[in-house]
Amino acid sequence: MIDKVILAIFLPGMLVVFFTRVTFNQFLGLILTVALITASVYKGYTHTWSLIVIDAASLTVGFWLSNRMMKNLKLNK
(Lines give C-alpha, C1' and ligand atoms only; values in the text may rest on other atoms or scores of the structure.)
Protein backbone atom coordinates (compact mmCIF):
# COMPACT_ATOMS: atom_id res chain seq x y z
CA MET A 1 0.00 0.00 0.00
CA ILE A 2 2.84 2.40 0.78
CA ASP A 3 4.24 1.97 -2.73
CA LYS A 4 0.89 2.98 -4.23
CA VAL A 5 0.82 6.10 -2.07
CA ILE A 6 4.33 7.09 -3.14
CA LEU A 7 3.43 6.55 -6.80
CA ALA A 8 0.18 8.51 -6.35
CA ILE A 9 2.16 11.43 -4.93
CA PHE A 10 4.66 11.70 -7.77
CA LEU A 11 3.46 9.94 -10.93
CA PRO A 12 0.38 12.00 -11.96
CA GLY A 13 2.23 15.29 -11.55
CA MET A 14 5.19 14.05 -13.54
CA LEU A 15 2.88 12.72 -16.26
CA VAL A 16 1.14 16.09 -16.61
CA VAL A 17 4.49 17.83 -17.02
CA PHE A 18 5.70 15.15 -19.47
CA PHE A 19 2.59 15.25 -21.64
CA THR A 20 2.62 19.05 -21.58
CA ARG A 21 6.22 19.06 -22.73
CA VAL A 22 5.47 16.59 -25.52
CA THR A 23 2.27 18.24 -26.78
CA PHE A 24 3.11 21.89 -25.86
CA ASN A 25 -0.45 22.20 -24.51
CA GLN A 26 -1.01 22.02 -20.76
CA PHE A 27 -4.72 21.25 -21.01
CA LEU A 28 -4.10 18.32 -23.33
CA GLY A 29 -1.43 17.05 -20.96
CA LEU A 30 -3.90 17.23 -18.08
CA ILE A 31 -6.62 15.46 -20.08
CA LEU A 32 -4.27 12.65 -21.13
CA THR A 33 -3.14 12.13 -17.53
CA VAL A 34 -6.71 12.14 -16.21
CA ALA A 35 -7.60 9.55 -18.86
CA LEU A 36 -4.76 7.30 -17.72
CA ILE A 37 -5.74 7.62 -14.06
CA THR A 38 -9.38 6.96 -14.92
CA ALA A 39 -8.38 3.80 -16.75
CA SER A 40 -6.33 2.63 -13.78
CA VAL A 41 -9.25 3.27 -11.41
CA TYR A 42 -11.58 1.39 -13.76
CA LYS A 43 -9.20 -1.59 -13.91
CA GLY A 44 -9.04 -1.69 -10.11
CA TYR A 45 -5.50 -0.54 -9.40
CA THR A 46 -6.70 2.29 -7.15
CA HIS A 47 -8.55 0.82 -4.20
CA THR A 48 -9.32 3.64 -1.80
CA TRP A 49 -10.63 7.19 -1.90
CA SER A 50 -7.47 8.42 -0.23
CA LEU A 51 -5.42 7.34 -3.25
CA ILE A 52 -7.83 9.16 -5.56
CA VAL A 53 -7.50 12.33 -3.47
CA ILE A 54 -3.70 12.05 -3.52
CA ASP A 55 -3.82 11.58 -7.31
CA ALA A 56 -5.98 14.70 -7.64
CA ALA A 57 -3.59 16.75 -5.51
CA SER A 58 -0.65 15.53 -7.58
CA LEU A 59 -2.53 16.44 -10.78
CA THR A 60 -3.07 19.93 -9.42
CA VAL A 61 0.61 20.39 -8.59
CA GLY A 62 1.63 18.96 -11.97
CA PHE A 63 -0.73 21.32 -13.77
CA TRP A 64 0.70 24.26 -11.82
CA LEU A 65 4.26 23.18 -12.72
CA SER A 66 3.37 22.74 -16.38
CA ASN A 67 1.76 26.18 -16.39
CA ARG A 68 5.00 27.70 -15.04
CA MET A 69 7.02 25.71 -17.58
CA MET A 70 4.91 26.95 -20.49
CA LYS A 71 5.18 30.55 -19.29
CA ASN A 72 8.97 30.24 -19.06
CA LEU A 73 9.11 28.76 -22.56
CA LYS A 74 7.07 31.64 -23.96
CA LEU A 75 9.21 34.23 -22.20
CA ASN A 76 12.45 32.73 -23.52
CA LYS A 77 11.38 32.90 -27.17
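Residues numbered from 1 in each chain as written. Predicted model: local features only at pLDDT ≥ 70, side-chain atom pairs only at ≥ 80, totals over all residues. Heavy atoms only, no water.

Undergrad: I keep staring at the packing of aromatic side chains and nothing clicks. Help me out?
TA: Two aromatic rings are characterised by how far apart their centres lie and by the angle between their planes. Following the criterion strictly, the structure yields two aromatic pairs and no others. The interplanar angle of 50° and the centroid separation of 5.5 Å between the aromatic rings of Phe27 and Phe63 together place this pair among those described as tilted. Taken together, the residues span a long stretch of sequence, with Phe27 in helix 2 (residues 26-43) and Phe63 in helix 3 (residues 49-75) at a distance of 36 residues. With a relative accessible area of 22%, Phe63 lands in the partly exposed category. (Phe/Tyr/Trp six-rings, centres within 6.5 Å; stacked < 30°, edge-to-face > 60°. Helix = DSSP H or I, 4+ residues; strand = E, 2+ residues; numbered from the N terminus. Buried < 20%, exposed > 50% of the residue type's maximum accessible area, 1.4 Å probe, protein only.)

Undergrad: Just checking my understanding: could you explain the packing of helix 2 against helix 3 for this structure?
TA: Contact pair helix 2 / helix 3: the axes reach a minimum separation of 10 Å and the direction vectors enclose 160°. For the element pair helix 2 / helix 3, the angle class is roughly antiparallel. Every pair of crossing elements has a handedness; the one defined by helix 2 and helix 3 is right-handed. In this structure, helix 2 contributes Gln26, Phe27, Leu30, Thr33, Val34 and Ile37 to the contact, and helix 3 contributes Asp55, Leu59, Phe63, Ser66, Asn67 and Met70. Tallied by class, the residues present in the contact of helix 2 with helix 3 amount to seven nonpolar, four polar and one charged. (Axes fitted to C-alpha atoms, helices over the stretch in contact; angles between N-to-C directions. Parallel < 35°, antiparallel > 145°, perpendicular 65-115°, else oblique. Left-handed = near helix turned anticlockwise from the far one by under 90°. Contact = heavy atoms within 4.5 Å. Nonpolar A, V, L, I, M, F, W, Y, C, P; charged D, E, K, R; others polar.)

Undergrad: How should I be thinking about a nonpolar patch on the surface in this particular structure?
TA: Residues Ile2, Ile6, Leu7, Ile9, Phe10, Leu11 and Met14 make up a contiguous nonpolar surface patch of roughly 720 Å² in combined accessible area. Looking at the element boundaries, Leu11 is found in helix 1 (residues 2-23). (Patch = residues over 30% accessible without salt bridge, like charges linked within 9 Å, V, L, I, M, F, W, Y side chains within 5 Å. Areas by Shrake-Rupley, 256 points an atom, 1.4 Å probe, with all protein chains shown as cover. Salt bridge = Lys/Arg side-chain N within 4 Å of Asp/Glu carboxyl O.)

Undergrad: Explain unusual backbone geometry here, please?
TA: You will see that Phe24, though not glycine, has its phi angle at about 60°, which is positive. Structurally, Phe24 is set in the loop between helix 1 and helix 2. We classify Phe24 as exposed; its relative accessible area is 51%.

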